[in-house]
Amino acid sequence: MKPLHVALALLQTGCGAGWHTTPLATGPLPRRQQAQVWTEGRALRWHALVVAADSISGVPFIRPPGCDSCRVAVPRGSVDSVRLGNPSAGFWKSVGLGMAITVAAALVICRFERSCQLGD
């Protein structure tokens, strides 16, 4: 395997699932916004997040966002980070990017190595 092939394979592994860390202001986030609240080394996947001065609360993702009896909270001081995202959209963006990189690599390899010549 040539170094170019290895480099392209490594570039494709950098495609993420759409999560990004963001600073949070107090107040509610959109109800359907997915969030990973990292606390004590584990990620809690919530939506309907509400950020208060002393706590962060949300509804577990497997429950409807309007389920107020399902709402859980953690003290803000015990939260390591919060990542927001849309894993489904991130997945499809990653697939598209991976395909585009693969096609571009194939075009470059065929152009310079002449191993993809049709007819002869």
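Each remark here, short or long, concerns the structure printed above.
Student: Please clarify how the environment of glycine 77 should be interpreted in this entry.
Tutor: Structurally, glycine 77 can be placed in the loop between strand S6 (72-75) and strand S7 (79-85). Looking at glycine 77, the relative accessible area reads 79%, which means it is exposed. Between the alpha carbons of glycine 77 and threonine 39 there is a distance of 9.3 Å; along the sequence they are 38 residues apart.

Student: Is there a simple way to explain the state of the cysteines in this structure?
Tutor: Going through the model one piece at a time under the given rule, you end up with 1 disulfide. Bridging cysteine 67 to cysteine 70, the disulfide has an S-S length of 1.9 Å. The S-S bond linking cysteine 67 to cysteine 70 shows a torsion near 60°; that makes this disulfide right-handed.

Student: Could you clarify how one ought to interpret the pairing of S7 in this entry?
Tutor: For a regular strand, side-chain orientation follows a simple rule: the groups alternate between the two sheet faces. Summarising the sheet, strand S1 (residues 20-21) and S7 pair through 2 bridges and their orientation is antiparallel. Bridge pairing links histidine 20 to leucine 84 in S7. Note that strand S3 (residues 34-39) and S7 share 6 bridges and pair antiparallel. Across the sheet, threonine 39 pairs through a bridge with valine 79, a residue of S7.

Student: Teacher, can you tell me more about the environment of glycine 85 here?
Tutor: By secondary structure assignment, the location of glycine 85 is in strand S7. Relative accessible area serves as the criterion here: at 7%, glycine 85 is assigned to the buried category. It is 5.7 Å that separates the C-alpha atoms of glycine 85 and glutamine 34, two residues lying 51 residues apart in sequence.

Rules of the game
- Residues numbered from 1 in each chain as written.
- Predicted model: local features only at pLDDT ≥ 70, side-chain atom pairs only at ≥ 80, totals over all residues.
- Heavy atoms only, no water.
- Helix = DSSP H or I, 4+ residues; strand = E, 2+ residues; numbered from the N terminus.
- Buried < 20%, exposed > 50% of the residue type's maximum accessible area, 1.4 Å probe, protein only.
- Disulfide = S-S within 2.5 Å.
- Pairing = 2+ DSSP bridges.

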